[in-house]
Every structure is written in structure tokens, then in C-alpha cells.
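An overview of the molecular structure
Listed below, chain by chain, are the residues.
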Amino acid sequence: MSEVWQVFDKSMCGQRAICSICYKSYANSGTNTTNLWSHLKSRHGNKYLELDHIRRGLSITNVSAINPQEDANIDLDGPSTSKLVLKQPLLPTTKKGNVISNQSLMSSFTLTKASQTKIDAALAYFIAVDMMPYNIVAKEGFKLYTKALNSSYNIPSRKTITDSKIPKMYNETKTNIESIINNTYFSSFTTDCWTSGSNKPFLALTGSVCLGCVELSEDHTGENMADTLQLLLLDYNLSVPSNNVCAFTTDYGANMLKAIQNLRVPHVPCFGYAFNTAVGNIFKLEDIQIVIHKVQSIQNIFSYSWQATRELEIEQERFSLKKIKLPSYSKTRWWSLLDLILVVLDQELGLSSFLKTYKKGHYKKLILSDEEIDVLKCTTTVLKPVREITDHLAGENYVTASAIYPVIFNLKTKLSEAVNANNNENASDNKCKEIKTKIFSCIITVLDKRYDNNTVLQISMVLDPRFKTTFIASEEVVEIKKNIIEKCLKSWTEWSTNTRTGITSDEANSVLPLDIPNQITQKKKKTGFSAIFYESINNENDEETEETILSKIEKELQLYVEFSKVPYDQDPLKWWSLNNGTYPLLSILAKKYLSIQATSVAS
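This one's a predicted model, so the numbers in the text were calculated from it and none came from an experiment.

Cut-offs used in this document
Residues numbered from 1 in each chain as written. Predicted model: local features only at pLDDT ≥ 70, side-chain atom pairs only at ≥ 80, totals over all residues. Heavy atoms only, no water. Pairing = 2+ DSSP bridges. Helix = DSSP H or I, 4+ residues; strand = E, 2+ residues; numbered from the N terminus. Axes fitted to C-alpha atoms, helices over the stretch in contact; angles between N-to-C directions. Disulfide = S-S within 2.5 Å. Buried < 20%, exposed > 50% of the residue type's maximum accessible area, 1.4 Å probe, protein only. Expected span 1.5 Å × (residues − 1). Parallel < 35°, antiparallel > 145°, perpendicular 65-115°, else oblique. Left-handed = near helix turned anticlockwise from the far one by under 90°. Contact = heavy atoms within 4.5 Å. Nonpolar A, V, L, I, M, F, W, Y, C, P; charged D, E, K, R; others polar. Salt bridge = Lys/Arg side-chain N within 4 Å of Asp/Glu carboxyl O.

Turning to the sheet that holds strand S10 (residues 267-269), a few remarks are in order. On the basis of which strands lie adjacent, the open sheet formed by five strands has the order S8-S7-S6-S9-S10 and mixed pairing. Bordering the open sheet on either side are strand S8 (209-215) and S10, each of which pairs with just one other strand. The mean angle between the axes of side-by-side strands here comes to 25°, regardless of whether they run parallel or antiparallel. Bridge analysis of strand S6 (residues 187-195) against strand S7 (residues 201-207) gives six bridges, and the strand direction is antiparallel. Bridge pairing links Cys193 to Leu203 in S7.

In the structure shown here, the tally under the stated rule is one disulfide. Covalently, Cys378 is tied to Cys432 through a disulfide, its sulfur atoms 1.8 Å apart. Handedness here is read from the sign of the S-S torsion; for Cys378 and Cys432, about -130°, the answer is left-handed. Pair noted here: Cys378 is in helix H15 (residues 370-393) and Cys432 is in helix H17 (residues 427-451), with a separation of 54 residues, a long-range link. What makes Cys432 buried here is its relative accessible area of 14%. Free of any disulfide, Cys22 has its nearest neighbouring cysteine sulfur in Cys19, separated by 3.7 Å.

Glancing now at the pairing of S8. Remember that side chains alternate between the two faces of the sheet whenever the strand is regular. Here six bridges tie S7 to S8, and the two strands are oriented antiparallel to one another. Along S8, the bridge assignment pairs Leu205 with Gly212. If you look at the hairpin formed by S7 and S8, you'll find one residue sitting between the two strands, and Ser208 has a positive phi there, around 75°.

Moving on: helix H11 (residues 286-303). The terminal C-alpha atoms of H11, which comprises 18 residues, lie 26 Å apart, in line with the 26 Å expected from a rise of 1.5 Å per residue. Within H11 the residues assigned to the buried category are Ile288, Val291, Ile292, Lys294, Val295, Gln296, Ser297, Ile298, Gln299, Ile301 and Phe302.

What follows concerns the packing of helix H1 (residues 34-43) against helix H2 (residues 45-55). For the pair H1 and H2, interaxial distance at closest approach is 6 Å and the crossing angle is 130°. The orientation of H1 with respect to H2, classified from their angle, is oblique. As H1 runs across H2, the sense of the crossing is left-handed. For the pair H1 and H2, the contacting residues are Trp37, Leu40, Lys41 and Arg43 in the first and Gly45, Tyr48, Leu51, Asp52 and Arg55 in the second. By residue class, the composition of the contact of H1 with H2 is four nonpolar, one polar and four charged.

For the rest of this paragraph, the subject is the side chain of Ser460. If you trace the backbone, Ser460 turns up in helix H18 (residues 455-462). If we ignore the near neighbours within four places in the chain, the residues touching Ser460 are Ala401, Ser402, Tyr593 and Leu594.

Turning to the pattern of salt bridges, a few remarks are in order. In total, this model carries 15 salt bridges according to the counting rule given. Here Asp448 makes a salt bridge to Lys412, at a shortest N to O gap of 3.2 Å. Of the two residues, Asp448 is situated in helix H17 and Lys412 in helix H16 (residues 404-420); the sequence distance between them amounts to 36 residues. What makes Lys412 partly exposed here is its relative accessible area of 29%. Residue Asp464 pairs with Arg466 through a salt bridge whose shortest N-O separation is 2.7 Å. Taken as a pair, Asp464 and Arg466 share a single burial class, namely buried. Connected via shared salt-bridge partners are Asp287, Lys431, Glu434 and Lys438.

What follows is the structure, given as C-alpha cells:
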């Protein structure tokens, strides 16, 4: 029984509680004592403290002598024990039961100003990186947890976090990013639009890290989006068009294409978006659409009913099937529908039995026929390798754009093999082949349209030591080599001009990619045998002509193409770092074109 009944008594009718101190009565027909505790707290403070300490198991010899200032360490927001929070930890004791003094306790936990600032910064980092709501600092559970870690730490208010701590961290991070960008000679970017949960549109820009995310308050025309991207770039002293900007990777929306066209920079279609469009067209095929609609209807049963989930588990146990839930699907992520189809096929026995019996067979019409199951199996046979490719090209931490053409070539090969696999003369196999052929056509049509004759991607592929010219038709190799030589000369000329007109040798070394050797980047005084045997034809005052540089680029490219490829699992950037001494000029272009990402997933 609650300690509050030491003061209150029930009335004769049992519907009211009467205070034995002031005889005030309160309605109380059940076991809820909140209003009774509130009465004690507001009218009989000492008695409240006495009973409150008893219910918490604290021994008090003289309640009337309790110092209100000391008891301020206890949060008395309410009588419910679930809400009772100690603002300060109870005094610790030694093994012999002696209480440790307040002085030693405070010296152990008191924070310096530097420590407080450090923990504040860590808290702001936690909120920002883990995307926590600002009001977490006002939550009782979070306060209790923080006080348990260090009772002397004062949690900043929500306003302090919002107006001071987070903006300070943002500005410091932005300064670091600006420093990195200013010391980077070539850049590629991804950008995309998205809508928040509150239905507000935003435009994000990334270049390895997020460079900005702003609300699009104006109409989403190509011109407005181009202006917004220009402003985001200007924040980092960048501008377009520029030879330092290699490409923008975006989706294939008409307004986005117009924006990139207005910026006058090379464009790379987002591979993930292209695949989503292609696979979306597959699910619209007449033979497949009907079955897909059934699969989605089956999933919807379990989305809104825990009873259905329970009944399915019974069927799964009866057929010795793995107890798994049907995954949800998203219209913008085609692979989520593939995952759902695979689970439906795996759980087909249990689902069929469930649909026959659940709610007296109300959903019996959703049972998949043998022909429909064959359609789903044919679809998954083709889409499984597509899923693996999509996952790989969505990576952000490794080179991806250079692999687009090789992947498309590989995909065509795998899809052709899938179409022709198990090709017998029976009607079922012929139907399956027809479906696979339609799927093949849907995917390849979209990819050919998006990536036909993209010079940026062709150059990127050739400069990737894993691929080189392997996936290029022999009649196209000469033209691509010509483009590489021209662009390499242009990049070299611009870089060398910048180093002669204001960039110091130290700055040049920091901005030039892949640590190009000193004999190219700057003139060094000859010493030792270099000075003795130095030929007059290479007089230090003579500058290399454009023809000389052009000749060197041609030789480097020829040597590079003829040299054997590296394994597919090798990092192309590391390879260029190790071999830039052999290809000092070509490595400039490699750094530029291998910075491109295949998808705008990051944005």
C-alpha cells in the first residue's frame, strides 16, 4: 500500500480520501494517488518529504531538520516513482560504511571550463551525426543518463545547442572543407532534389562530402536550379564552367538536364536512376504487372494487421519454413520489390495455406497460380545480377564512373545468357524466354539511351588501369585516344600556367594530383653527377614547348595502353599513385576523370 495512506483515510462510502491533517477531501475511487501526493507536497511539505523518503527506502532520523537546499537535489515533479529523478547521486560510502565527504565527492566530479566545452562539442557532434532532435537535451531519460556519467556536467539548453553549438561546429567543418577544396585541383560533383517530411523541397550538392543543402523556394526550373548550384559553389570559391570541374552526376529529369546545360559542364546520368527507370518499365509489362500487383496486395495484408502476421507464423511453422516477415517495398527503390518477390517465392507454401484460411478465405483470390510463379521466377532470374551491379555502382568511397561502360557490357552478356538459358521447346519455357527478352529490352533500351557516346565516361574508363580499351570497339579506339591527348594537353597547360602566375612551388605540389614528379612540376638545381653530365641541349633556362609536351603525352598514352591491365579488385587511384612517375602527364588527367561518381545517391 502507498505510504500516502498514512495521512489519508477513506470515507465511509469509499469514494473519497480525507487528509487527517487538514481534513480536506479528494475524490479517490481507485488506486491512483497522484492528487493526494500533490496535496501533501503543496500543503504539508515536511510530511511529504518524510513519506517520500520512506517510499524510496531512505533512512531519516529527523525529517523536520531536512535542509530544503539539500533536498533540492531531488526532482519532485510528481509522486509516481517512474518520474522520480535524482539530480545528484547519493553520497557514496566505503566498504566499512563510512560516508565519503561532500568535499572529496565534488573534487572528483567538478568539471573545468575546458572539460565542459569539450563535452558540449561531443554532444553537438552526437546530435548532428546521428541526426537526433534538438529537444533530446530536455528529455528526462537523457538528463538522468548524462548525470549518471558525470553529475557536475551541465547539459546545454536546446536554444544553446541550436543557436551556438551546432552552428559553431558547422562553421569549423565548413572551414576545413574549404581548405581541402582550395587545395584540390580537380573536382566532380553530384546533385539531386528531394522533399522533406514536411513537404519542403531541397537541393543538395556533394563532392565527397556534403557541400550544401538549401531549400528551393522558387519554381524548379532549370534556370533557377542552375543559379542555386552556382551559389553553393561560390560558397567555396568555385565557379563553372571551369576546366577544374570534370563533371556533374545527376538524375535524368528535364529540369536537372537544363540546369547542367546552363552551367556548361559535362553531365553523367545517375546509374541508379537509370536502373530504377529501366526496372520500373519492366514492372509495367502486361505479363508481369498483374502478378506484381498480386504480390503487393499480399504484402499489404501484413502491413496493417498483426493478427495476419501471427497467423502466417503458424503456417510457417507447420510447413517448417523460416519465420520471416514480408519486407516492405518502395516505388523509388526497385530492389525493395525484388526482395519482396524473393520472400514470396520462398514462402509460397505457407502463404498459399494462409490465404486459403485467413478470414474464411477472403483473400483466396490472391493465391499465385503455377504460371504466375513461373513469371516471378523468370523475373528474378534476370534481376538478381542487375541488383548486384546496382549495389556496386552506388558506392561512394571508391571509383565508380569508369566502370559504367564495362558494367553495361557485362550486363548485356549476363542478360543474354539468362534469356537463352534452359531454352526448350515446351510452352512454359517459351513463355519464360519471351518474358526475359522483354526484360532485356527494357533495361538495355534505357541504358543505351542514357550512355550512348558519353566522352567523359569513355575517357574515364580508358584511364582506369582495370579496363583501359578492352570494352571499346577497335574502330573507336583512335578517336578516344585523340580526345585523351587533347584534354591531357589542355589540363597540363592550364596547370603549368597557374604555377607560373601566382601559385608557389609548395602550393603547386599540394594542388597537383598524385604527386607529379619534381622534374615536371618545378626546376631543381642540379647537383653531383646530374650537374657534371647535364647536357647543354637541356639548358635550365629553356622551357619545354607544347610540341615536346604533346609528344610526351602520346608516348605515355601508348605505353600505358600497351601495359597489361591490373586485377579488377585493385584500387585504380592507388595504382596511379604508384605509377605517376612513369606517366607524369597522363596522371593529371587520370586524377581528374577518376573523381567522377556513377550515381547521385550521396545527394
